[in-house]
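Geometric and topological summary
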Amino acid sequence: MHASSGIAILYRHPRAAAEARNALHEIAPTGSSGADTAALLLTEVVSNAVRHGKGTAIRVAVGFDPSADVITGAVFDREPRMTSGDRAGLADEDQDMESGRGLDLLDAASQAWGVATAGDRGKWVWFQVPAT
């Protein structure tokens, strides 16, 4: 098995998360728990880009490296700032909010994640998960 990757340009639209998952399923090994985790994280990151990004489109990159047993997902949007999803400083009643948990989810479910800014042009939010 060899490394594979793909990139898609998607409209900033609620259907973008489903389209990104379709791209991931073309690349990631089928039936693995890592692919399910990657799909969850990709959905979250794409949804955040749709909700908080700027411009009409986002870029989604996905990859699978079998030699490292890693699935990588990355999403670019034209908003250079990162919104906070950290619950640590919130009052107890605000801890139950339904939105804003994306960064907490990335922390909990990925093996690594980060943000790479492109100056004032936007940012990539990326993550890696074990494929198996």
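Refer to the preceding data block for the structure.
Here's a quick rundown of the structure. (Residues numbered from 1 in each chain as written. Predicted model: local features only at pLDDT ≥ 70, side-chain atom pairs only at ≥ 80, totals over all residues. Heavy atoms only, no water.)

**Structural notes on the pattern of salt bridges**
Within this structure, the stated rule accounts for 3 salt bridges. Two residues, Lys-123 and Asp-77, come together in a salt bridge whose shortest N-O distance is 3.0 Å. Here Asp-77 lies in strand β3 (residues 70–77) and Lys-123 lies in strand β5 (residues 123–130), a separation of 46 residues in the sequence. With respect to class, Lys-123 is no different from Asp-77; both count as buried. The residue Glu-79 makes a salt bridge to Arg-81 at a minimum N-O spacing of 3.1 Å. A residue is classified by how much of its surface remains accessible, and Glu-79, at 6% relative accessible area, is buried. (Salt bridge = Lys/Arg side-chain N within 4 Å of Asp/Glu carboxyl O. Helix = DSSP H or I, 4+ residues; strand = E, 2+ residues; numbered from the N terminus. Buried < 20%, exposed > 50% of the residue type's maximum accessible area, 1.4 Å probe, protein only.)

**So, the pairing of strand β4 (residues 112–117)**
In the sheet, β4 pairs with β5 via 6 bridges, with the strands oriented antiparallel. Paired with Thr-117 across the strands is Lys-123, a residue of β5. Between β4 and β5, which follow one another and run antiparallel, lie 5 residues, and Gly-119 among them has a positive phi close to 60°. (Pairing = 2+ DSSP bridges.)

**Quick notes on the packing of aromatic side chains**
Scanning the entire structure with this criterion turns up 1 aromatic pair. Summarising the aromatic geometry, the rings of Phe-76 and Trp-124 are spaced 5.4 Å apart at their centres and angled 50° between planes, so their arrangement reads as tilted. Highlighted residues: Phe-76 in strand β3 and Trp-124 in strand β5, separated in sequence by 48 residues. Relative accessible area serves as the criterion here: at 25%, Trp-124 is assigned to the partly exposed category. (Phe/Tyr/Trp six-rings, centres within 6.5 Å; stacked < 30°, edge-to-face > 60°.)

**Structural notes on the side chain of Glu-79**
Mapped onto the fold, Glu-79 is located in the loop between β3 and α3 (102–109). Within the structure, Glu-79 has its side chain in polar contact with the backbone nitrogen of Arg-81 (distance 2.9 Å). In this view, Glu-79 contacts His-52, Gly-53, Lys-54, Gly-122 and Lys-123; residues no more than four positions away in its chain are not counted. (Polar contact = N/O pair within 3.5 Å; in protein donor to acceptor, adjacent residues only side chain to side chain. Contact = heavy atoms within 4.5 Å.)

**Here we look at unusual backbone geometry**
Located in the positive-phi region is Asp-69, a residue other than glycine, with phi close to 55°. With respect to the helices and strands, Asp-69 occurs in the loop between β2 (57–65) and β3.

**Some thoughts on the sheet that holds β4**
The strand order β1-β2-β3-β5-β4 describes an open sheet built from 5 strands, whose pairing is antiparallel. Every other strand in the sheet has two partners, leaving β1 (4–11) and β4 as the edge strands with one partner each. Sheet twist, expressed as the mean angle between neighbouring strand axes with direction ignored, is 15°. Strand direction decides the pairing type here: β3 and β5, joined by 8 bridges, are antiparallel. Note on β5: the bridge partner recorded for Phe-76 is Trp-124. (Axes fitted to C-alpha atoms, helices over the stretch in contact; angles between N-to-C directions.)

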